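Breakdown of the fold
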Amino acid sequence: MTETGRDFEGRTALVTGGASGIGRATAELLAARGARVAVLDLDPTGVEKPLRGYRADVTDSASVRAAVHAATEDLGGLDILVNNAGIGAQGTVADNDDAEWHRVLDVNVVGIARVTSAALPLLRASSFAAIVNTCSIAATAGLPQRALYSASKGAVLGLTRAMAADHVREGIRVNCVNPGTVDTPWVGRLLDSARDPAAERAALAARQPTGRLVSAEQVATAIAYLASPLSGATTGTDLAVDGGMQGLRLRPAGK
Ligand code: NAI
């Protein structure tokens, strides 16, 4: 029986947006569990060994193709693709102009299509192929001031299921994680821009039944579960990593 601790031994993985936050924690965890891991990011300068950093912009097909080619040559194939690069957007449906709608959908949705298209021939050649997309609770719950972001993540959820159906007979599993609010540099930037960062952090933590923000490592653990060769029967699913925010309905504390 394979030990979970080294279940990625001999496997190869590519993580987009892997220089920061959830992607970085995922790349480090997969490497610690035995995988050879490459990171694709707009800014890979901080990526340290044993991770291999490649510069790519997921909105640019040529840059994606070049980076996927170079990274997978270096890794010697590809078993696992983690489509994690993403950006945020705030406001109601009326608050962003057309250019911003196109920009966010281009990164969060079309970016997944570009990277996956470039990686598919290599994944088809793997006996343990898995794709994990980073979706969001914004795909499954209505959150205020997140119209554009939620539209992008709703698309990621639908895309995940469609990709799972298209590629199941090729032996490629496709799943996604739906994190709640995760304590990453991105959320740090959001808090810094709030009028009262401490109050904003407390409000975000209180929104999750655990009373805490999710950590990047907790999301990485869920991504690793879905990507693991031990999870060969799991495809087309979305896994909430949100401190109970999606599934639980609590009474007020003490009542
Ligand atoms: P982060 O901002 O800490 O890291 C995102 C990484 O993606 C950065 O290294 C950035 O350079 C890279 N990136 C951005 N645009 C790119 C592009 N065009 N091409 C290549 N790389 C690009 O963000 P975080 O929080 O780790 O988010 C990662 C993913 O998790 C995103 O898809 C986000 O939507 C999702 N997510 C985050 C949550 C949170 O509360 N932090 C909650 C739910 C989902």
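Summarised in this report is the structure supplied together with it. All figures in this text were calculated on a predicted structure; none of them were measured in a lab.

**Some words on the site of the ligand**
Neighbouring the ligand are 28 residues, the closest being Ser20, Asp41, Tyr149, Val182 and Thr184. Note that a nitrogen atom of the ligand is positioned 3.3 Å from one of the backbone N or O atoms of Leu42. In this structure, an oxygen atom belonging to the ligand sits 2.8 Å away from a main-chain N or O atom of Asn84. For the ligand, whose accessible area on its own is 830 Å², the fraction buried by protein is 92%. Residue assignment for the shell around the ligand shows that the elements contributing at least two residues are α1 (21–32), α4 (147–167) and α5 (185–192). The element best represented in the shell around the ligand is α5, accounting for four residues. Partitioned by chemical class, the residues of the shell around the ligand number 14 nonpolar, ten polar and four charged.

**Here's the deal with the pairing of strand β6 (residues 173–179)**
Among the seven residues that make up β6, seven are buried, leaving the element largely enclosed by the rest of the structure. Where burial is concerned, the two faces of β6 agree: the one with Arg173, Asn175, Val177 and Pro179 and the one with Val174, Cys176 and Asn178 are both buried. By the bridge criterion, five bridges tie strand β5 (residues 130–134) to β6 in an arrangement that is parallel. Following the sheet pairing, Ile131 is matched in β6 by Val174. The handedness of the β5 to β6 crossover, carried by α4, is right-handed. Looking at chain direction, β6 and strand β7 (residues 238–241) are connected through four bridges and run parallel. In the sheet register, Asn178 faces β7, and the bridge partner there is Ala240.

**Some points on the nonpolar core**
One finds Leu14, Leu40, Val68, Leu81, Leu123, Ile131 and Ile172 to be the most contacted residues of the largest nonpolar core, which totals 30 residues. Elements with a minimum of two residues in this core: β2 (36–41), α2 (61–75), α3 (98–124), α4 and β6. Take this core: its biggest share by element is seven residues, from α3. Leave out the neighbours within four places in its chain, and Ile131 touches Leu81, Asn83, Thr116, Leu123, Met163, Ile172, Arg173, Val174 and Asn175. In terms of nonpolar packing, the next biggest core, distinct from the first, is built from 29 residues, Ala25, Val37, Val182 and Ala224 among them.

**Observations concerning the pairing of strand β4 (residues 80–83)**
Because side chains alternate across β4, one face comprises the buried residues Ile80 and Val82, and the other comprises Leu81 and Asn83, equally buried. Of the strand pairs in this sheet, strand β1 (residues 12–16) and β4 are connected by three bridges, and their pairing is parallel. Pairing of Ala13 across the sheet is with Ile80, part of β4. The pairing of β4 with β5 spans four bridges and is classified as parallel.

**Focus: unusual backbone geometry**
Where the residue is not glycine, phi is negative for most of them; where a peptide bond is considered, it is trans in most cases. Between Lys49 and Pro50 the backbone carries a cis peptide bond, its omega angle lying at 10°. Here Gln145, not a glycine, exhibits a phi torsion of approximately 65°, which is positive. As for its position among the elements, Gln145 is in the loop between β5 and α4. Overall, Gln145 belongs to the partly exposed group, its relative accessible area being 42%.

**Points about the side chain of Lys153**
Considering the arrangement of structural elements, one finds Lys153 in helix α4. Within the buried set, Lys153 has no salt-bridge partner at all; the shortest N-O distance to an opposite charge, 13 Å, is to Asp238. If we skip the residues at most four places from it in the chain, Lys153 touches Asn108, Thr134, Cys135, Ser136 and Ala139.

**Re the state of the cysteines**
Two cysteines joined by a covalent bond between their sulfur atoms form a disulfide. Throughout the structure, instances matching the rule amount to zero disulfides. No disulfide involves Cys135; its sulfur sits 4.5 Å from the nearest other cysteine sulfur, which is in Cys176. Accessibility expressed as a relative area gives 2% for Cys135, which makes it buried.

Calculation rules
- Residues numbered from 1 in each chain as written.
- Predicted model: local features only at pLDDT ≥ 70, side-chain atom pairs only at ≥ 80, totals over all residues.
- Heavy atoms only, no water.
- Near = heavy atom within 4 Å.
- Polar contact = N/O pair within 3.5 Å; in protein donor to acceptor, adjacent residues only side chain to side chain.
- Areas by Shrake-Rupley, 256 points an atom, 1.4 Å probe, with all protein chains shown as cover.
- Helix = DSSP H or I, 4+ residues; strand = E, 2+ residues; numbered from the N terminus.
- Nonpolar A, V, L, I, M, F, W, Y, C, P; charged D, E, K, R; others polar.
- Buried < 20%, exposed > 50% of the residue type's maximum accessible area, 1.4 Å probe, protein only.
- Pairing = 2+ DSSP bridges.
- Right-handed = clockwise from strand over helix to strand, strands pointing away.
- Core = buried A, V, L, I, M, F, W, Y, C linked by side-chain atoms within 4.5 Å.
- Contact = heavy atoms within 4.5 Å.
- Lys, Arg positive; Asp, Glu negative; His and termini not counted.
- Salt bridge = Lys/Arg side-chain N within 4 Å of Asp/Glu carboxyl O.
- Disulfide = S-S within 2.5 Å.

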